[in-house]
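Descriptive analysis of the structure
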Number of protein chains: 4
Amino acid sequence: MKLWQKDASLDKEVESFTVGNDYLLDQALVKYDCLASIAHAKMLGMIGVLSKQEVKDIVAELNRIQALEQAGEFKILPDQEDCHTAIELHLTRELGELGKKIHTGRSRNDQVLTALRLLYRDQLQACRSAADKLVAALKQLAGRYPRVSFPGYTHTRKAMPSSIPQWAGAYRDALGDDLKLLATTDRISDQSPLGSGAGFGVPIKVDRQLTAKLLQFKKVQKNPVYVQLSRGKFEGIILNALAQIMLDLNRMATDLIFFSLPENGYLELPSEFCTGSSIMPQKKNPDVLELVRGNYHLVSACEAQIRATVANQISGYHRDLQLTKEPTLKGFATTLASLSIMALVTANLVVNKQNCARGLTPDIFATERAYELVKRGVSFRDAYQTVARDSR
Amino acid sequence: MKLWQKDASLDKEVESFTVGNDYLLDQALVKYDCLASIAHAKMLGMIGVLSKQEVKDIVAELNRIQALEQAGEFKILPDQEDCHTAIELHLTRELGELGKKIHTGRSRNDQVLTALRLLYRDQLQACRSAADKLVAALKQLAGRYPRVSFPGYTHTRKAMPSSIPQWAGAYRDALGDDLKLLATTDRISDQSPLGSGAGFGVPIKVDRQLTAKLLQFKKVQKNPVYVQLSRGKFEGIILNALAQIMLDLNRMATDLIFFSLPENGYLELPSEFCTGSSIMPQKKNPDVLELVRGNYHLVSACEAQIRATVANQISGYHRDLQLTKEPTLKGFATTLASLSIMALVTANLVVNKQNCARGLTPDIFATERAYELVKRGVSFRDAYQTVARDSR
Amino acid sequence: MKLWQKDASLDKEVESFTVGNDYLLDQALVKYDCLASIAHAKMLGMIGVLSKQEVKDIVAELNRIQALEQAGEFKILPDQEDCHTAIELHLTRELGELGKKIHTGRSRNDQVLTALRLLYRDQLQACRSAADKLVAALKQLAGRYPRVSFPGYTHTRKAMPSSIPQWAGAYRDALGDDLKLLATTDRISDQSPLGSGAGFGVPIKVDRQLTAKLLQFKKVQKNPVYVQLSRGKFEGIILNALAQIMLDLNRMATDLIFFSLPENGYLELPSEFCTGSSIMPQKKNPDVLELVRGNYHLVSACEAQIRATVANQISGYHRDLQLTKEPTLKGFATTLASLSIMALVTANLVVNKQNCARGLTPDIFATERAYELVKRGVSFRDAYQTVARDSR
Amino acid sequence: MKLWQKDASLDKEVESFTVGNDYLLDQALVKYDCLASIAHAKMLGMIGVLSKQEVKDIVAELNRIQALEQAGEFKILPDQEDCHTAIELHLTRELGELGKKIHTGRSRNDQVLTALRLLYRDQLQACRSAADKLVAALKQLAGRYPRVSFPGYTHTRKAMPSSIPQWAGAYRDALGDDLKLLATTDRISDQSPLGSGAGFGVPIKVDRQLTAKLLQFKKVQKNPVYVQLSRGKFEGIILNALAQIMLDLNRMATDLIFFSLPENGYLELPSEFCTGSSIMPQKKNPDVLELVRGNYHLVSACEAQIRATVANQISGYHRDLQLTKEPTLKGFATTLASLSIMALVTANLVVNKQNCARGLTPDIFATERAYELVKRGVSFRDAYQTVARDSR
């Protein structure tokens, strides 16, 4: 029995196809839907739809559901379709008629968005913390090797001397800019959709400011058509901010794989971070870095799916919007795991000073030699040509 | 304990990060890895690495694993990492020293590719069958309404008369072309990688023709460097063929949503195929079609992930290639489910002849009127201008 | 003769392949490279590399180049490869030895980034203005039809009553959020790369604060490795902000195509905004809206190209980064043109009040009827079922 | 004056926006549109719409247009919008009333598709030839160094010995599989759309077999709805086949950049294939390879644009389909140039035998050592552990 179900029963194959794995994904939303429903119930109390006692009973039951869920005892069934149905059915079973009133003044459309955005807020906060930890690990790495020079590359060819603090600082600054993007993303996403109904408001006067305040949203997303229009759009913006982080990790991982190539040996990954081969006994492979590298493409693909899904569609909810849920959750989980593992890797990186020094071969100082001529009065372009001739 | 493990223990967070959900995904590969290992064991028997009895014992045990798996009793554990480790450990546990010999003459690299390609072959065959069923349903639809005309659209504006058979025939032909692409895809993918080792052959003489024959591969993929280079490449080719099918379904679903719009009403979706709204009691929504539409973007994103993962990489295996497994499996599952549901939808579509006739408003015959003038000797361009003037 | 050329001449096919169409694209950068070179020359004067007179002469010549370019008389030749070479060669031809000194303390790497970011700043400002104009047009549209209700849709099915101001307000708010993203994007991109050399600094002490101030950059991008790392990254962030705008336009265009469908007729596009068919005399097609819709995918593809190009690469400049130039310029041009045309379309939209009223068929009021029962004390879920029964 | 124009003049900004750069792109189609129009005219002669003399006159004039175009003297003007209008206007200007008859029995929709597919056929043939040349260069490279071993890598770490012929053979085989895909692509695309009108046939009886035969199409694409549905679809299939080629070139270029890293030095790129730096006098950079690497992402983005543009759209022509023209042409041009330059690079590659030998360090033979134990009767897994212990 679903929220929208009347008497015609849904074709079984259609039912299974439309539900998909939504009932599994929604397990992560139970907590947030309870929080949102509590705020909604309190508001219904304030505007006189529910009595004080009814509010009290509903809130108690919603808190109980949260506790059950945390204990692994609140399981959404496939035929319940999603957490919203599961929760409303639970309330009706436990509270009778009262349960049938909880959906007053809302639609599943604004309800699911509310739960999702509460989850996004927590996840964005978690990403921020994880990024901060990586930034700290990078600073600490620079602090451990404050004066170690090693080759900088352009075109995958030695170019000019770089240093461990310079290299680590680059990724620190990149993450710093990502955090600015993340903050704006959070500011955009942190708007309360609750009370916007199915995208065209609800026919009773609900207090949207109150529910927004109870749920600590930064503001009410007033226009109900925009609420639905922002489904997929906000997720795309969030995923893009995550993808920017992942891009840094992708390049950092690629650097580490290259710098720790035994032929270079500037950096070393501890043995307990390396995996081996089933056929080649000598191998120490940087699988952890390769997976981080690949995770950028995973998160990018999640973003691409979302962005293509919503395009070429008229405004208003469409069921394919629901397909944006899985890639969003996956994008968060992948970014968090990748940030966390890279902080661990960074904290355990060993710089091989000898190899770094050995890598600074004479060719890498050609630009310096040209500038010595410049300091003696030669024009830069002529100095360049002179050194170039000598390099051959 | 993993196949490549020596004594250094892997950092726990690194272990969990690198294994990811691979041990769950690999459940689908147990059957295929057993089949491949049976062929490999038989070949090892032929070249004298295993005795006849050893081959017999190993084959028996591998068959038992398949039976266990089918009964849901062969579960890969997280610390086993993948099906290959789980199977080898099982063999060693049951058969002692003999189990340690099964990996002779192969690497996990060619082993996993062999299992995957056997799975691809089955899945491609399943896609072909599912596409055939949809083609049959489209033919049957055309047969049910052989003479029903309804408006054809260009620019989402009525253009000229079309018909149900013409419309259904378009998707039938599109799927026909997709099947050609699928056949070529299958022909490319159906090469035996077994015996190519980690990408550079193995140091003993294995009989690659024999294992290929036993596993009914169309040919041996001879060059071992190409075997590894084709990881991700073949998956991209396969996913693209699936995405072509999904594109047809996407457009077909979009057509059906538009043609069954109550304002048009040319087609009707039975009630048991429609879902409702949690707030609006009157709604009958084509969720099933919307999800099919969205699934195109899901499959496309799976393809995009694979194609971006393998680029800008030197040849030879990299661990991020493993991340191509999940999107490939998901691409197959999504395409199969979508083909199947669209065959069901097509079989149950009802054409509303009255609405079709009503839709054929006078403007849709403007081109015909111009051609009547052409038949009376007016040049086409002048006839066009004459009718255009009259249409205003 | 190129900046980096010594005596070995480059293979002709290689030269043509590597130059590509860069010399054409760079025409747009001449102005910005002159501005950056003027700041650089002034700084070289301040640190004593150039005399006051030399600075004066170089600045005068760079101003002359800008004037020539505006008059269409400064053309970059294919064998000059890019605007930087063309400008330095011009300076050396006109000023002799002095021209050979301008490249002191910089590399083409930081030089091109400086010119690009000055261009980005102007283009981002132009996008903001264009978005503001569309926002104004949407407000004005809402003001022209303050009380016109028309059907709101979910699942491409009539749902509940919406209104012109509600619809226009949704896109206004969406653009408002995009402008926040654009502002953050600008804040991230507006960092001075000048003086970071090829990614590892320059061997003489340059005053980066001074050039940044002269060019009105918000800050110096201090870490030179990050400067190169941000090539492609910043472009990706910018393109994503543009893509967010384009997504709104895509959906707005899709709405307009649907709402102006003659069968609906809620909105009308004036004749002088419609194109026709070469065969069907009656057609009035919304090509302009269809192209706006398609332009979202164009801009998204530009973004995708950039993001995939830079991934899986070690830090430091690579020549493929140059391929990010064309999609970035195209992304800007497409977004600007699309915003501008949509402001024009919006300003000229005609709402057909009669058709809007006619569209509000009884089914669209089902939710309201349920809420009338709620107001009379029926629980929402029971009220819903009652109205659902009556709707059948 | 456009083909579809009546008296209302198009808003100037709308006109400029809708025409875009189509009139420039269409220059490449003039030849093919003339060929298609000749076949169409001959067919109109056969079915009695044109007299023999009229056919002769039109064919002569169309041949003259082709000659003019080749001489650079047939320029499509912006207000003519596309080659089809330019050609029809030219015919009407030169041949009077007769020119107005050429559009009988066709629409611009099937006309443009016909010209495009004739171009695709030529371009696919050119790609095949270019791929063949690269295959030949790879074979020749293997032939020049038949016995040179050098390190094979997995995880960007030395793994086991590989060889120049093995490496070259991998890309040869990959291109071989791509050619199969290209052949199927050609077979799918090579269907005649001429006579299908705007997607719903034409109201007079045209002989589609005849025009198909005259234009040497493999078959008639019978279903007119499918003809329009395949716009964008076929382009996507073609671009995907090109992208598969580009993926090989991407990985081959990445290999070459890595193998020619001075630290490895297995391969050398001649000086006249390398470019330099504007600041670092010593640099020899593999720009040509980096651009080939980047071109994969360019072609992939072209494909992505096309595939996203057509999705979520009902069947029948939409103007955004026209935006698929530029990425298709760009995809062909980029693939052709990349194949050609890689054949040149391959032909000029120098293998440094000394560095190859020096690269074969002892660790690379660990697997061989394990197999020596296997040959002496140790189980593979125990042999592996023994060698692993010795490697530490």
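I will try to describe carefully the structure that is included in this document. Note that the structure is a prediction, hence the values are computed from the model and not measured. (Residues numbered from 1 in each chain as written. Chains lettered and ligands numbered in written order. Predicted model: local features only at pLDDT ≥ 70, side-chain atom pairs only at ≥ 80, totals over all residues. Heavy atoms only, no water.)

Turning next to the relation of the copies chain A and chain D. Superposition record for chain A on chain D: RMSD 0.0 Å, screw rotation 180°, translation along axis 0.0 Å. Taken together, the rotation and translation relating the two chain copies correspond to the operation of a two-fold axis. Residue Asn-312 of chain A, judged by its C-alpha, is the member of chain A lying nearest the rotation axis, at 2.9 Å. The fraction of interface residues of chain A whose copies in chain D are also interface residues reaches 100%, indicating that both copies meet through the same surface. (Least-squares fit on C-alpha atoms with pLDDT ≥ 70 in both. Contact = heavy atoms within 4.5 Å.)

Moving on: the interface of chain A and chain D. Think of interface size as the accessible area that goes away when the parts come together; that is how it is often given. In this complex, chain A contributes 43 residues to the contact, which on the side of chain D involves 43 residues. Between chain A and chain D, a total of about 3,400 Å² is buried, with carbon and sulfur atoms accounting for 53% of that surface. Three residues, His-155, Arg-157 and Pro-281 of chain A, lead the burial of chain A against chain D; their summed loss comes to 21% of the area buried on that side. Across the contact surface, chain A and chain D share zero salt bridges. Remark: the boundary between chain A and chain D carries 24 residue pairs in polar contact (both at pLDDT 80 or more). Looking at the side of chain A that touches chain D, the elements with two or more residues in it are strand 1 (149-154), strand 2 (157-163), helix 10 (233-259), helix 11 (287-310), helix 14 (366-375) and helix 15 (380-391) of chain A. The element contributing the most residues to the side of chain A that touches chain D is helix 15 of chain A, with six residues. (Buried area = accessible area lost by both parts, 1.4 Å probe. Salt bridge = Lys/Arg side-chain N within 4 Å of Asp/Glu carboxyl O. Polar contact = N/O pair within 3.5 Å; in protein donor to acceptor, adjacent residues only side chain to side chain. Helix = DSSP H or I, 4+ residues; strand = E, 2+ residues; numbered from the N terminus.)

With that settled, consider the interface of chain C and chain A. On the chain A side, the residues contacting the 93 residues of chain C number 93 residues. Both faces combined, the contact of chain C with chain A buries some 8,100 Å², and carbon together with sulfur accounts for 55% of it. Where chain C touches chain A, the interface holds ten salt bridges. Of the charged contacts, one joins Arg-381 of chain A and Glu-88 of chain C as a salt bridge, the two residues approaching to 2.9 Å between their closest N and O atoms.

What follows concerns the environment of Lys-101 of chain C. Assignment of secondary structure puts Lys-101 of chain C in the loop between helix 5 (83-95) and helix 6 (108-144). Aside from chain neighbours lying at most four places away, what touches Lys-101 of chain C is Ser-379 and Phe-380 of chain A together with Leu-44, Leu-50 and Glu-54 of chain C.

What the rule picks out here adds up to 112 salt bridges over all chains. Here the salt bridges share partners, and the residues they tie into one network are Glu-81, Asp-82, Arg-108 and Arg-319 of chain A together with Asp-287 of chain B.

With that out of the way, let us pick up the side chain of Asp-178 of chain C. Tracing the sequence through the fold places Asp-178 of chain C in helix 7 (residues 164-189). Judged by relative accessible area, Asp-178 of chain C falls into the buried class, the value being 1%. Once you skip the residues sitting within four places of it in the chain, Asp-178 of chain C turns out to touch Lys-233 of chain A together with Gln-244, Ile-245 and Asp-248 of chain C. (Buried < 20%, exposed > 50% of the residue type's maximum accessible area, 1.4 Å probe, protein only.)

Following the criterion strictly, the structure yields 48 aromatic pairs over all chains and no others. For the ring pair Phe-380 of chain C and Tyr-384 of chain C, a centre distance of 6.1 Å and an interplane angle of 50° mean the geometry is tilted. Residue Phe-380 of chain C and its partner Tyr-384 of chain C are located together in helix 15 (residues 380-391), separated by four residues, close to a single helical turn. Taken together, the aromatic side chains of Phe-150, Tyr-153, Trp-167, Tyr-171, Phe-258, Phe-259 and Tyr-266 of chain A make up a single cluster linked through ring pairs. It is Arg-121 of chain C that lies over the ring of Phe-217 of chain C; its NZ or CZ is 5.2 Å from the centre. In this structure, Arg-381 of chain C is placed above the aromatic ring of Tyr-384 of chain C, and the distance from its NZ or CZ to the ring centre is 5.1 Å. (Phe/Tyr/Trp six-rings, centres within 6.5 Å; stacked < 30°, edge-to-face > 60°. Lys NZ or Arg CZ within 6 Å of the ring centre and 35° of its normal.)

Residue and element names in this part refer to chain A. Relative orientation of the contacting elements helix 7 (residues 164-189) and helix 10 amounts to 170°, with a least axis distance of 8 Å. Overall, the two elements helix 7 and helix 10 adopt an arrangement that is roughly antiparallel. Here the residues of the contact of helix 7 with helix 10 sort into 16 nonpolar, four polar and four charged. (Axes fitted to C-alpha atoms, helices over the stretch in contact; angles between N-to-C directions. Parallel < 35°, antiparallel > 145°, perpendicular 65-115°, else oblique. Nonpolar A, V, L, I, M, F, W, Y, C, P; charged D, E, K, R; others polar.)

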